[in-house]
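Read off the chains here:
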Amino acid sequence: MKAMVTVSAVVALGLTAGCGGGGGADGTGRSGRAGGVRGEGKDARDAVRVLSPAQLKHVELGAREVPGFQIEKAGESAAGGGRPGTDRAPCRPLVDVLGSQPRPRPAASVVNTFAKAGEGLDFEGLMGMIRVSTYARDGAAATLRGLRSAAEACADGFGMRTGEGEPQEFASVRSLPAPELGDEAVAYRLENAAERAPSLITVVRSGSTLAMFFATSLSDPEDVEIPPELVRAQVAKVEGAERKAPTVAPPPGSGGPGEGGEAGDSVG
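A quick note: this is a predicted structure, and the numbers were derived from the prediction, not measured.

**Some points on the overall build of the protein**
Looking only at helices and strands, the protein features five helices and 11 strands. Buried positions account for 54% of the 268 residues belonging to the protein. In the protein, the proportion of contacts linking residues at least 24 apart, taken out of those at least 6 apart, comes to 73%. As presented, the protein carries roughly 10,800 Å² of accessible surface, and 51% of it is formed by carbon and sulfur atoms.

**Digging into the pattern of salt bridges**
If you walk through the whole model with that rule in mind, you get 10 salt bridges. For D96, the salt bridge goes to R83, with nearest N and O atoms at 2.8 Å. Here R83 lies in the loop between strand 3 (69–74) and helix 3 (92–97) and D96 lies in helix 3, a separation of 13 residues in the sequence. Connected through shared salt-bridge partners, R148, D183, E184 and R205 make up one network.

**Some thoughts on helix 5 (residues 228–242)**
Across its 15 residues, helix 5 extends 21 Å between first and last C-alpha, which sits within 8% of the 21 Å expected from 1.5 Å per residue. Of all the positions in helix 5, only P228, L230, V231, Q234, V235, V238, G240, A241 and E242 are classed as buried.

What counts and what doesn't
Residues numbered from 1 in each chain as written. Predicted model: local features only at pLDDT ≥ 70, side-chain atom pairs only at ≥ 80, totals over all residues. Heavy atoms only, no water. Helix = DSSP H or I, 4+ residues; strand = E, 2+ residues; numbered from the N terminus. Buried < 20%, exposed > 50% of the residue type's maximum accessible area, 1.4 Å probe, protein only. Contact = heavy atoms within 4.5 Å. Areas by Shrake-Rupley, 256 points an atom, 1.4 Å probe, with all protein chains shown as cover. Salt bridge = Lys/Arg side-chain N within 4 Å of Asp/Glu carboxyl O. Expected span 1.5 Å × (residues − 1).

By themselves, these figures tell us nothing about what the structure is for.
Here it is as structure tokens:
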């Protein structure tokens with residue numbers, strides 16, 4: 001089977017219904033050190049470099065830019081349709097980040113899917129999604145704060161509905177070691193109550209930009225990982241672009257459900 005990472009395949013894996021967990025120092029979902037955060041409490045209210053929608057498009061990884069992986073461009077539908085829901089308010093930040101309408105809303109986003117591929121692009125079971133979003137206010141830091149709070153409050157699991165109305169139940173949320181990248185990072189593993197395959201999520205903040213990684217594995221659920229080489233490559237491109245972006249002072253007030261869109265859309 002060729003490593004064609006279709007949008008429908010990613011959605012079928014339930015990545016948008018519940019991606020949690022991995023990507024620590026070794027990027028694996030197996031490590032279980034408590035914490036799962038790095039850079040917590042770091043002030044993000046100073047002047048920052050904000051990528052424009054046009055600049056954001058240039059941070060996407062190329063199809064074979066990271067050896068051993070097939071990467072493909074995706075659209076909003078890769079994160080499902082509509083906003084997911086939950087009856088556990090403290091879990092809302094976790095649920096929001098998994099859908100196509102994250103809160104706080106980013107100014108712009110680009111989405112790609114990836115699969116681990118062997119020789120001849122043979123699919124090796126690991127599949128996932130990368131979403132890079134830039135924020136005009138402090139939405140990037142606010143997203144990390146919300147995830148930390150939700151992971152602690154919902155460690156015993158939670159139920160939700162996808163944007164399409166499908167029910168999903170997670171038995172637990174486990175913090176994992178976060179990568180030593182960016183200004184701060186978090187990493188979580190969500191255990192699916194109905195399926196054997198866990199879902200992983202790693203989020204790295206570099207200035208006003210978030211790089212989010214979601215993954216699961218059909219062939220070896222116990223060995224699922226968010227590949228560290230993929231995380232390093234993506235964060236490096238984000239930070240390279242930010243060094244060329246103009247510096248702006250954040251306005252008073254926190255980032256909230258303000259402007260948003262896909263990269264290339266007008267931002268109002």
